[in-house]
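Here is how the chains run, residue by residue.
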Amino acid sequence: LEYAPVHLKELFGSIFEMMQPAAAKKSIVMVQDIPEHLFIEGDEDRLKQIFMNLLSNAINYTLEGGRVKVDVDVIDVDGDEEKVRIAVSDTGIGIPKKDLPRIFERFYRVDKARSRSSGGTGLGLSIVKHLTELHHGTLRVESKVGEGSSFILELPFMQQHEEEGYEAE
Ligand code: ATP
Ligand code: MG
């Protein structure tokens, strides 16, 4: 990984631009609530890969006229440690409870019939999970069938970002 400070608002600005046409095709509104001056340490290309995957899922598995949202917050963990929480939420079809434990597995897809038309391979979320772990983060999902899904990442937060990037992994 090539670590460097990544400005989250800028990162999502460029990701939203790339995803906009796919969302517009389905009249899906994309919104974001991201603090102005927030950086995390990470590999920009890999972070892009994470959020492109999550957002393309959110758009794919949401019906016409739905909404996709990115929320970023700094949260307290154990009193003094802080983390950055990034949630990608949609108003989509949701994921059945019985499938939730398996969706991060390679090639796992919920109900092949319903998702065949979207032509995915079932690799996206396993890659997202792997890349999140490389960034020392955690990934979880909350979902209700017919209401929507939220994919929640928590990543280490660096208050004072370094001037120079450094290499890791
Ligand atoms: P691809 O490899 O192209 O990403 P995929 O989207 O099918 O294919 P994953 O991204 O790994 O594969 O997702 C696995 C499965 O989890 C999907 O097939 C879908 O059934 C379900 N899923 C993922 N994201 C969502 C979501 N936001 N809403 C509802 N179901 C979802
Ligand atoms: Mg996918």
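The shown structure was predicted, so the numbers you read here are calculated from the model rather than taken from an experiment.

Draft legend 1. Structural view of helix α1 (residues 8-25). A rise of 1.5 Å per residue sets the reference length of α1, with its 18 residues, at 26 Å; its end C-alpha atoms lie 26 Å apart and thus fit the reference within 8%. A maximum bend of about 45° is found in α1 at M19, where proline P21 lies one to four positions downstream. Structurally, α1 contributes buried residues whose contacts are with β1 (2-7), β2 (29-33), β3 (39-42), α2 (44-60) and β4 (67-77). With its phi angle positive at about 50°, S27 sits one or two positions after the end of α1.

Draft legend 2. Representation of the sheet that holds β2 in the model. The mixed open sheet is built from 5 strands, whose spatial order is β2-β4-β5-β7-β6. Whereas interior strands pair on both sides, the edge strands pair on one side only; in this sheet they are β2 and β6 (138-144). Averaged over all neighbouring strand pairs, the angle between strand axes comes to 20°, with direction disregarded. With 5 bridges joining them, β2 and β4 adopt parallel strand pairing. Bridge pairing links V31 to K69 in β4. Where α1 meets the sheet, it contacts β2 and β4, and its direction lies at approximately 170° from that of β2.

Draft legend 3. The arrangement of the environment of G122 in detail. With respect to the helices, strands and loops of the structure, G122 is situated in the loop between α3 (112-115) and α4 (124-134). Among the residues examined, G122 registers 15 C-beta atoms within 10 Å and is labelled partly exposed. The spatial distance from the C-alpha of G122 to the C-alpha of E105 is 8.1 Å, given a sequence separation of 17 residues. Aside from chain neighbours lying at most four places away, what touches G122 is R106, F107, Y108 and R109.

Draft legend 4. Molecular detail of the site of ligand 1. In the region of ligand 1, 21 residues are neighbours, and Y61, V110, G120, G124 and L125 sit closest. Those elements that provide at least two residues to the shell around ligand 1 are α2 and α4. The class makeup of the residues in the shell around ligand 1 is 9 nonpolar, 10 polar and 2 charged.

Draft legend 5. Broad picture of the packing of α1 against α2. At a minimum axis separation of 10 Å, α1 and α2 run at an interaxial angle of 35°. Between α1 and α2 lies a crossing whose hand is right-handed. Across the interface between the two elements, L11, I15, M18, M19, A22 and A23 from α1 touch E44, L47, K48, F51, M52, L55, S56 and I59 from α2. Residue composition of the contact of α1 with α2, grouped by class: 11 nonpolar, 1 polar and 2 charged.

About the thresholds
Residues numbered from 1 in each chain as written. Chains lettered and ligands numbered in written order. Predicted model: local features only at pLDDT ≥ 70, side-chain atom pairs only at ≥ 80, totals over all residues. Helix = DSSP H or I, 4+ residues; strand = E, 2+ residues; numbered from the N terminus. Expected span 1.5 Å × (residues − 1). Bend = angle between axes of the 7 residues up to and from the residue. Contact = placed C-beta atoms within 7 Å. Pairing = 2+ DSSP bridges. Axes fitted to C-alpha atoms, helices over the stretch in contact; angles between N-to-C directions. Buried ≥ 20, exposed ≤ 12 C-beta atoms within 10 Å, placed from the backbone. Near = placed C-beta within 6 Å. Nonpolar A, V, L, I, M, F, W, Y, C, P; charged D, E, K, R; others polar. Left-handed = near helix turned anticlockwise from the far one by under 90°.

Don't take any of this as a statement about function, it's just geometry.
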